[in-house]
Amino acid sequence: MKDLMSKIISLCKRRGFIFQSSEIYGGVEALWDYGPLGSLLKNNIKNEWIKRFVQNRNDVVLIDATVLMHPTTWKASGHIENFTDPLVECKECHSRFRADHMADSRFVGQGKAKIKDQCPQCGGKEFTPPRQFNLMFKTFLGPVEDETSLTYLRPETAQSMFTNFKLVQESMRFKLPFGMAQVGRCFRNEITTGNFTFRTREFDIAEIEYFVKPGEDEKWFDFWVDEWEKFFLDLGFRKENLRRYEHPKQALSHYSKRTIDIEYKFPFGWSELAGVANRTDFDLSQHSKFSGQDLNYYDEDLKKSYIPYVIEPTLGIERLLLALLIDAYQEVKGGRTKTTKATKEIEILLKLDKKLAPIKVAVLPLVRNKPELVKKAKEVYQLLKPHFVCQYDELGSIGRRYRRQDEIATVFCLTCDFQTLEDDTLTVRYRDTMKQERVKIKDLPTHIKKLMCGVYPKF
Ligand code: GAP
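Residues numbered from 1 in each chain as written. Predicted model: local features only at pLDDT ≥ 70, side-chain atom pairs only at ≥ 80, totals over all residues. Heavy atoms only, no water.

**Observations regarding the pattern of salt bridges**
It is possible for side chains of opposite charge to pair when their charged atoms get near one another. Evaluation of the coordinates by the stated rule reveals 38 salt bridges. For Arg15, the salt bridge is made with Glu407, and the minimal N-O distance between the two is 2.8 Å. Within this pair, whereas Arg15 is found in the loop between α1 (2–14) and β1 (18–20), its partner Glu407 is found in helix α11 (residues 398–407), the two being separated by 392 residues in sequence. Taken individually, Arg15 and Glu407 each receive the classification buried, so the pair is uniform in this respect. Its salt-bridge partner being Arg98, residue Asp100 comes within 2.9 Å of it at the nearest N-O pair. What makes Asp100 partly exposed here is its relative accessible area of 33%. Since its relative accessible area comes to 10%, Arg98 is described here as buried. Within the structure, one salt-bridge network assembled from shared partners comprises Lys42, Lys46, Arg185, Glu202, Asp204 and Glu318. (Salt bridge = Lys/Arg side-chain N within 4 Å of Asp/Glu carboxyl O. Helix = DSSP H or I, 4+ residues; strand = E, 2+ residues; numbered from the N terminus. Buried < 20%, exposed > 50% of the residue type's maximum accessible area, 1.4 Å probe, protein only.)

**Overview of the sheet that holds strand β3 (residues 60–62)**
Ordered in space as β3-β9-β10-β16-β13-β12-β11, the seven strands form an open sheet in which the pairing is mixed. The open sheet has two edge strands, β3 and β11 (242–246), and neither has a second partner. Pairwise comparison of adjacent strand axes, ignoring direction, gives a mean angle of 25° for this sheet. Bridge count between β11 and strand β12 (residues 258–266): five bridges; the pairing is antiparallel. Across the sheet, the residue bridging to Leu242 is Tyr264, located in β12. Set on the sheet, helix α2 (residues 36–55) makes contact with β3, β9 (178–187), β10 (202–212) and β16 (309–316); between it and β9 the angle comes to about 165°. (Pairing = 2+ DSSP bridges. Axes fitted to C-alpha atoms, helices over the stretch in contact; angles between N-to-C directions. Contact = heavy atoms within 4.5 Å.)

Set out below in structure tokens:
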């Protein structure tokens, strides 16, 4: 299974999905750049998320707030005090680790850790006692670098949805329940990283803060756990690779009354993909106290004011992207395309949902040494470009080109052949079934749009 991770990492680099940040300088740990295909895929994931939870709902609106916020935000939220991980240092080589990730972490949290473990770097057995390390990146607002200008890069998008609670509720004239959604950059100075893009220091979170009447929070919590899980299933995840994990009471975050994670079966083991927390009235009460502003909601039906409770479904976009790649990755031994003679080679098929595939259509002239075919194929490419993300490819045998497109999840391959020059039709090949049909060039935009919406499910 570890092998699968190296295959995914290699595919990501080879085909332009994900590169190590600043690679020419040797790279930086836990920072990754999204290349031409990776950034398209990432955008598709975000758009699907927004479509589902904002566009398709009446009660959730999108906001886009700043990464840097008033420093008091982080005092009120509890991040300065609590957003920490226990850190231990190897006395031999001074490598640092998260104490709660060590094999023997029984004493962590009781302030008297005695880690009986080996340093993965040097094999050393002596560690410093754990100390709490704050994961927020510090920075300064303005030119003077002192305590008064100190602030932090946000470690979650949630807080700006709490600080904007009144402004959104009043400007949208919302009644409870309603929610705010946000997808944006977050930063965490993680102590241990690794497993490719699973745990990084800079990433996008997509989360919703859903404000409800106290007493109705448990019902809405269950609702959002189901909705979150359904979202993943509709993105094409295999059911057997997802499961729920309920956090034990003693391990809950400082703000949470209940948390359930949706876990994915990564090649390195079951791990958190996303979560849903019942944040109670903790955040709004804290911001009300620290800002001096009244963040009560006036309930016209009950004729009284109260601080709403908040249910928070959250997910990391890059972590979701990684899980999607793993879930979609297939190897077909001996080849699946009829055009290549059965070889011993392994063909890779990336079976991403068609909504998510970075390239929807590849346009291919059958051969590249026939100028009329190349001209026709380029015309088709120009015709389709305004409608779909397309790629033009004329290099190598047609079989090899199909395989290159299968490897990056391209949904349709369109081939211009000699018949095209006679009757203005071409073949449309569908990635998953490899079935082909002939379609008139002028009908292509509408035809492919219908295929994308699943109007012809049998094709
Ligand atoms: N507002 C709640 C919150 O931030 P979280 O569980 O700390 O909750 C939300 O983070 C999601 O962000 C996680 O479920 C995970 O998918 C993703 N995530 C968290 N830390 C990450 C990291 N270091 N690298 C990549 N993704 C991360």
